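# Observations on the three-dimensional arrangement
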Amino acid sequence: MAAQIGATTFAPPTGNARGQHRKWPIPEEYHYDTWIAERTNALMESYQQNGENFFLWASFFDPHPKYLVPEPWDTMYDPDALTVPSVTEGEHDNNPPHFQLTQQQKPDFSAWRESGKGVHGFNSHLRDRDELAKDIAVYYGMVSLMDKYIGKILAKLDELGLAENTLVVFTSDHGHFYGQHGLVAKGAFHYEDVIRVPFIVRHPGVVPAGKQSEALQTLVDLAPSFLSATGIDTPRSMTGVNQMPVWSGQAEQARDHIIVENHHEPTTYGELFDLKEDPGEVNNLWNSAEHAALKADLVMKLLFAEMGKEPLWMPRTSGA
């Protein structure tokens, strides 16, 4: 019986066992956030005792569907007190067809499955508002639980006397829809809600405390930035730019563009939004005659940016 109970409360690797939703009937002490923080702290303590330098990636799975978190975090936020985003009437009229299909009960996405490998988000995104509010509340609870254990990692850095000499970066691989534009979770919908992620950098005495920056950042910049911070040369074959001058306040920006990609299927369509005039990204200007020149300029920049993603390696003249 004990084995059966275990199987219903935790399914590796993330605990999302079938039939469980919102409240995870397992004690917090067995949650993967707890384990990640404990293992991270144990590693840092080992490095400190051995006098070793280290690079450590503490990868928290949450917050992520399924919406599932143990007590008391599942009831920390009141669904009735939350704002539930929703689609703006007509906003998908000028968008590619796959946006419009998400707003149907039983959409047919067969035309978008060229490779047959499956696609994130190509399904109906219609949700009952009250049920979505409950999911959002649990999502927030998952964020708060994760925040607790990130705090334990930072506290351990202080305890070990490592905080002053450790560069800490907190970020995420993507954002999350919970009603914005009528969408849920993620998919081939590159709105700010899913591409603008949390990004916090801390290094006492090097990174100015409390400073906010509008500089463009992207995850491929992390590796060359970390190498720069440690005085290690960046391999010429590595993608990304060094953001240390921006983080340390010596430069305003290190790049003027970012490429955001979805590799599920080759189908391509266009979206163009004016974030100053239309911060909610409701009015797609891709087919606007007034913005044709801007679109052409941006497409050209995209093509050059695509070419710049991979170095043009020339062995015979390298270093010449």
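Treat the numbers as computed from the prediction; the structure is a model and nothing was measured.

### Digging into the overall build of the protein
Check the secondary structure of the protein and you find eight helices and six strands. Starting at the N terminus, the α and β elements of the protein follow one another as α-β-α-β-α-α-β-β-β-α-β-α-α-α. Dimensions along the principal axes, computed over C-alpha positions, put the protein at roughly 70 × 65 × 40 Å. With 320 residues in all, the protein has 33% of them scored as buried. Long-range pairs, those at least 24 residues apart, make up 67% of the contacts in the protein between residues at least 6 apart in sequence. Here the protein has roughly 19,800 Å² of accessible surface; of this, 54% comes from carbon and sulfur atoms. Side chains of the protein give 25 positive and 43 negative charges; the mean places of these two sets differ by 5 Å.

### Side note on helix α4 (residues 129-159)
Its 31 residues place the ends of α4 45 Å apart at the C-alpha level, agreeing with the 45 Å of an ideal helix rising 1.5 Å per residue. For α4, the N-terminal cap is Asp128; the gap from its side-chain oxygen to the backbone nitrogen of Asp130 is 3.1 Å.

### Quick word on the UniProt feature "domain: Sulfatase N-terminal" (unreviewed entry) in the protein
Listed under "domain: Sulfatase N-terminal" (unreviewed entry) in the UniProt record, and renumbered for this structure, are residues 25-232. Measuring from the first to the last C-alpha atom of residues 25-232 gives 47 Å, for a span that is 32% helix and 7% strand.

### Quick word on the pattern of salt bridges
Evaluation of the coordinates by the stated rule reveals twelve salt bridges. Across the pair Glu131 and Arg22 runs a salt bridge, and its minimum N-O distance is 2.9 Å. In this pair, Glu131 sits in helix α4 while Arg22 sits in strand β1 (residues 22-23), placing the two residues 109 residues apart along the sequence. On the basis of relative accessibility, which here comes to 17%, the residue Arg22 falls in the buried class. The salt bridge partner of Asp130 is Arg129, with a shortest N-O separation of 3.7 Å. By relative accessible area, which is 48% here, Asp130 ends up partly exposed. With relative accessibility at 47%, the residue Arg129 sits in the partly exposed group. Each of Arg22, Glu131, Lys134 and Asp135 takes part in one network of salt bridges that share partners.

### So, the packing of aromatic side chains
By the definition in use, this model includes 18 aromatic pairs. Between Tyr139 and Tyr178, the aromatic rings sit 5.7 Å apart at their centres with planes inclined by 50°, giving tilted as the arrangement. You can see Tyr139 sitting in helix α4 and its partner Tyr178 sitting in strand β4 (residues 177-178), a full 39 residues away along the chain. The residues Tyr139 and Tyr178 share a single accessibility class, namely buried. Summarising the aromatic geometry, the rings of Phe226 and Trp247 are spaced 6.5 Å apart at their centres and angled 55° between planes, so their arrangement reads as tilted. Here Trp247 lies in helix α7 (residues 244-247) and Phe226 lies in helix α6 (residues 222-229), a separation of 21 residues in the sequence.

Conventions we followed
Residues numbered from 1 in each chain as written. Predicted model: local features only at pLDDT ≥ 70, side-chain atom pairs only at ≥ 80, totals over all residues. Heavy atoms only, no water. Helix = DSSP H or I, 4+ residues; strand = E, 2+ residues; numbered from the N terminus. Buried < 20%, exposed > 50% of the residue type's maximum accessible area, 1.4 Å probe, protein only. Contact = heavy atoms within 4.5 Å. Areas by Shrake-Rupley, 256 points an atom, 1.4 Å probe, with all protein chains shown as cover. Lys, Arg positive; Asp, Glu negative; His and termini not counted. Charge placed at Lys NZ, Arg CZ, Asp CG, Glu CD. Expected span 1.5 Å × (residues − 1). Polar contact = N/O pair within 3.5 Å; in protein donor to acceptor, adjacent residues only side chain to side chain. UniProt positions renumbered as here; feature names shortened; annotations may be inferred. Salt bridge = Lys/Arg side-chain N within 4 Å of Asp/Glu carboxyl O. Phe/Tyr/Trp six-rings, centres within 6.5 Å; stacked < 30°, edge-to-face > 60°.

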